[in-house]
Amino acid sequence: AAMAIRLLTAVITTCFDISFYMTCRAAYLSVFRSSLVNMTSKDQLCSVLQQAGRNPSQKALDKYWPPGTKKLNFDDFCEILKKEKTAEPDQLMRIFKKFDTNCDGYISHDELSRILTSSGEKMSPKEVDEVFSLADVNKDGKLDYAEFCRLLESTVEQCQTAALEKLEADAKLKRQNFGNQLDNSPQSLESQPELPASEIQPRTEPETTQRKDSRSSSRPSSARSRRSPLSTAITMGSGSTKTGPKQQQLKDTLMRGCFYLEEDGTIVSLQYRLIIPETTSIYLTIRPLNLSPIPDKPSPWMCVDTALYVVTGNETKEDSNLVCFTELRDKERFLWRGELSAGSYLLLPFTTGCRLMKRTRKTTTKTAQLVNRTQSGELELTKEFKAALSDIFEVIDLDGSGLLSLEEYNFFEQRTSGEKCDEDAWAICKENFDTRKNELTRQGFLELNLMEANDREGDPRDLWLTLEAMGYNRSLEMVEACPFVIAVYCEDVKATLQAVHLDSGIKMLNSAVQRSITSKAEGRSLKGHENVLVYTYKGESRISSVIANKSNQKVTVHINNEQSKNCVSSRGMSVFAVEVPARTKMVCQHVMALNEQQEWTYSCVETIIPSL
């Protein structure tokens, strides 16, 4: 009996989730052409909520759209809709009865005007007249509030029904993407076959063989299997404190970099070209770069997870072969060790986004001052701004030499302004600012920024644009970036490591991440959908999943992590939906511990949402 009750509860919950997401989608597509389109104003949020049968107050809208908010996506809307309850007719009736002083079932224009202009969210007399003209259904100068409540309920139901009917009837709307997929580009299954675990060898060669996709089942899906839940539960221990191998006998090459959080939530960084002159034992590591001068108070981003994916391929093409990736962990370092053959490789830095994601901006944050005027009227950089610029210098000094080469400075310029400094402009810099060995010193970098402040006569707006591009908030805290350092240790030979910027870098990285998961995990099909597989990879500090859709139709998968404990998802929410186009695979999510000092449990239920 207990099992039967649990099964019934699960079925009801699944049906409710599917119905809820269909309602969300119908309401959203009544206002926008696609669920990938972002809301860019509070008025748009209000319109979509109203389409879903909600009537949010101004106070509620201010809570969901605090100052500084630029946009919200479809997933944000779904979370908000869960919190906003529908206005029940009985509740409205009770409210109206409180103001019905004559107890005759009617409220006069004067009574309604007094209520709406003096309490709650006050309305103007003109707005009251507009409301009354709509609410006075009998046109007798009095509001029959019982009839009005019935009319309101009917209107809400009609709006919702019309939205659902439109969604079902419009073939174009049926093909629109469901959910926020900006950071997970689909990958064709035909162009990226899986890499079996047996091909990962201690001696690592570029991949030469490819595995065909497993034969799909010829057994037809049951018509009763429209709900297709797949549940995965994994319990992980507390944080690792393993000690890696010693590197005293290995020759090292170091290079710095930084993850930057973009406005749309994607994470970008430079890529690196690694050249190995001959086959050698190699030891690769990546870790966050600590910039704090206080020994007992490390930089706040030191908890951010990092990884390196090593691939072979052409820099100008998206196609690449995964060679290896840093699976092992030693405190904040992630590492790989083995043998690499002589040749050229691309190193693609990666972070899951579990600990580097957009946060709600604090409205009480005080804007830091960047420049002052001395008693003589000259401009000077503030102490706080100098400290931030000094940290930026450490980040863009990629080789850690204490000097900025033209190449290093241009990576900074591309990040902050999208431009490059040519040889002539660099020669002028060397003439006017402190340099050594034809490279810019830290002092010269400060002088350069002071000159920019003087050019703008102390106006800090351009300086703030630079700081924000480097991940700083208005309190001069680096909150949307994570500096890192890569180390390559080789036995007997000296490797060459060079920073590069690839236009195809994000797609190459996404492909490598997908292949790393499918090569290490066994695909499990969703019940009734043998051609939809979920791969769940368990690493030392994270769990990652990929959804592979081998069918000829798109599928929408509902993801529920609500039973997970002490976890954070790269999606930033516990319940969401992922649309996977036909014959493609896509990274679903990465999950990590919220508190690494405690045990954590990953529990995920994947369910196919039936197409309309």
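Predicted, not measured: the structure shown is a model, and the values here were computed from it.

Rules of the game
Residues numbered from 1 in each chain as written. Predicted model: local features only at pLDDT ≥ 70, side-chain atom pairs only at ≥ 80, totals over all residues. Heavy atoms only, no water. Pairing = 2+ DSSP bridges. Helix = DSSP H or I, 4+ residues; strand = E, 2+ residues; numbered from the N terminus. Axes fitted to C-alpha atoms, helices over the stretch in contact; angles between N-to-C directions. 1 Å grid on protein atoms, 1.4 Å probe; cavity = no way out; pocket = protein on both sides within 12 Å on 5 of 7 lines; lining within 4 Å. Points joined across faces, edges and corners; volume = space filled by probe spheres on them. Nonpolar A, V, L, I, M, F, W, Y, C, P; charged D, E, K, R; others polar. Parallel < 35°, antiparallel > 145°, perpendicular 65-115°, else oblique. Left-handed = near helix turned anticlockwise from the far one by under 90°. Contact = heavy atoms within 4.5 Å. Disulfide = S-S within 2.5 Å. Polar contact = N/O pair within 3.5 Å; in protein donor to acceptor, adjacent residues only side chain to side chain. Phe/Tyr/Trp six-rings, centres within 6.5 Å; stacked < 30°, edge-to-face > 60°. Buried < 20%, exposed > 50% of the residue type's maximum accessible area, 1.4 Å probe, protein only. Salt bridge = Lys/Arg side-chain N within 4 Å of Asp/Glu carboxyl O. Core = buried A, V, L, I, M, F, W, Y, C linked by side-chain atoms within 4.5 Å.

Glancing now at the sheet that holds strand β24 (residues 555-560). What links the strands of a sheet is backbone hydrogen bonding, and the strands pair in either a parallel or an antiparallel sense. Read from one edge to the other, the open sheet built from 4 strands follows the order β5-β28-β24-β26, with strand pairing classed as antiparallel. Of all strands in the sheet, those bounded by a partner on one side alone are β5 (230-236) and β26 (575-580). Strand-to-strand twist in this sheet, taken as the mean axis angle between neighbours without regard to direction, amounts to 20°.

Moving on, we get to the sheet that holds strand β8 (residues 271-276). If you walk across this open sheet you meet the 5 strands as β11-β10-β14-β8-β20, and the pairing is antiparallel. Edge strands, defined here as strands with exactly one partner in the open sheet, are β11 (321-325) and β20 (496-500). Across this sheet, the average inter-strand angle for adjacent strands is 30°, counted without regard to direction.

What follows deals with empty space enclosed by the protein. Under the definition given, this model contains 1 cavity of 30 Å³ or more. Here the largest cavity is characterised by a volume of approximately 100 Å³. Contributing to the lining of the largest cavity are D305, T306, A307, F325, T326, E327, F334, Y537, G539, E540, S541 and R542. Class assignment for the residues of the lining of the largest cavity results in 4 nonpolar, 4 polar and 4 charged.

Two elements in contact, helix α2 (residues 42-51) and helix α4 (residues 74-83), have axes separated by 11 Å at closest approach and are oriented at 60°. Classified by the interaxial angle, the pair formed by α2 and α4 is oblique. Viewed along their axes, α2 and α4 form a crossing whose handedness is right-handed. Each of L45, V48 and L49 in α2 lies in contact with α4, whose residues at this interface are F77, I80 and L81. Taken together, the residues of the contact of α2 with α4 break down into 6 nonpolar, no polar and no charged.

This part covers the state of the cysteines. In total, this model carries 0 disulfides according to the counting rule given. The thiol of C24 is unpaired, and the distance to the nearest cysteine sulfur, on C78, comes to 3.8 Å.

Glancing now at the environment of T584. By the secondary structure assignment, T584 is in strand β27 (residues 584-593). Sequence-wise, T584 and A548 are 36 residues apart; in three dimensions their C-alpha atoms are separated by 6.1 Å. Engagement of the side chain of T584 in a polar contact is seen with the backbone oxygen of P581, the distance being 2.7 Å.

Turning next to the packing of aromatic side chains. Following the criterion strictly, the structure yields 13 aromatic pairs and no others. Here the aromatic rings of Y28 and F32 are separated by 5.0 Å at their centres, their planes lie at 40°, and the arrangement is tilted. Look at Y28 and you get buried, because its relative accessible area is 0%. Geometrically, the ring pair formed by Y309 and F350 is edge-to-face, given 5.6 Å between the ring centres and 85° between the ring planes. Taken as a pair, Y309 in strand β10 (residues 307-312) and F350 in strand β14 (residues 343-350) lie far apart in primary sequence, 41 residues in all. In this structure F350 comes out as buried when scored by relative accessible area, which is 9%. Put simply, the rings of F393, Y409, F412, W426 and F445 touch in pairs and so form one group of aromatic residues.

Bringing the pattern of salt bridges into the picture now. For the coordinates displayed, the defined rule picks out 15 salt bridges. The partner of E596 in a salt bridge is R329, and the shortest N-O contact between them spans 2.8 Å. Taken together, the residues E596 in the loop between β27 and β28 (600-609) and R329 in strand β12 (residues 328-330) connect sequence positions 267 residues apart. Taken together, the shared-partner salt bridges connect R256, E394 and R442 into one network.

Before going further, it helps to spend a moment on the nonpolar core. Of all hydrophobic cores here, the largest spans 71 residues; its most connected members are L274 and V488. In terms of residue count, the dominant contributor to this core is helix α10 (residues 383-396) (7 residues). Beyond its immediate stretch of four places on either side in the chain, L274 contacts I282, L284, L340, G343, S344, Y345, L347, V488, A495, T496 and L497. Formed by 26 residues, the second largest nonpolar core is a distinct cluster that contains M22, C24, W65 and I609.

Helix-helix packing is characterised by the crossing angle of the two axes and by the distance between the axes. Interhelical geometry of α10 versus helix α13 (residues 442-455) gives an angle of 125° and a closest axis separation of 10 Å. Taken as axis vectors, α10 and α13 run oblique relative to one another. Classified by chirality, the crossing of α13 by α10 is right-handed. In this structure, α10 uses K386, L389, S390, I392, F393, E394 and I396 to contact α13, whose residues at the interface are R442, F445, L446 and N449. Looking at the contact of α10 with α13 residue by residue, the classes come out as 6 nonpolar, 2 polar and 3 charged.

Right, let's get into the pairing of β27. Among the 10 residues in β27, 10 count as buried, and that is most of the element. Across 8 bridges, strand β23 (residues 542-549) lies against β27 in antiparallel orientation. Each bridged residue has a counterpart across the sheet, and for I547 the counterpart in β27 is M586. One ladder, built from 3 bridges, connects strand β25 (residues 567-569) with β27; its direction is antiparallel. Bridge pairing in β27 links S569 to V591.

Purely spatial values, then, with no claim about function.
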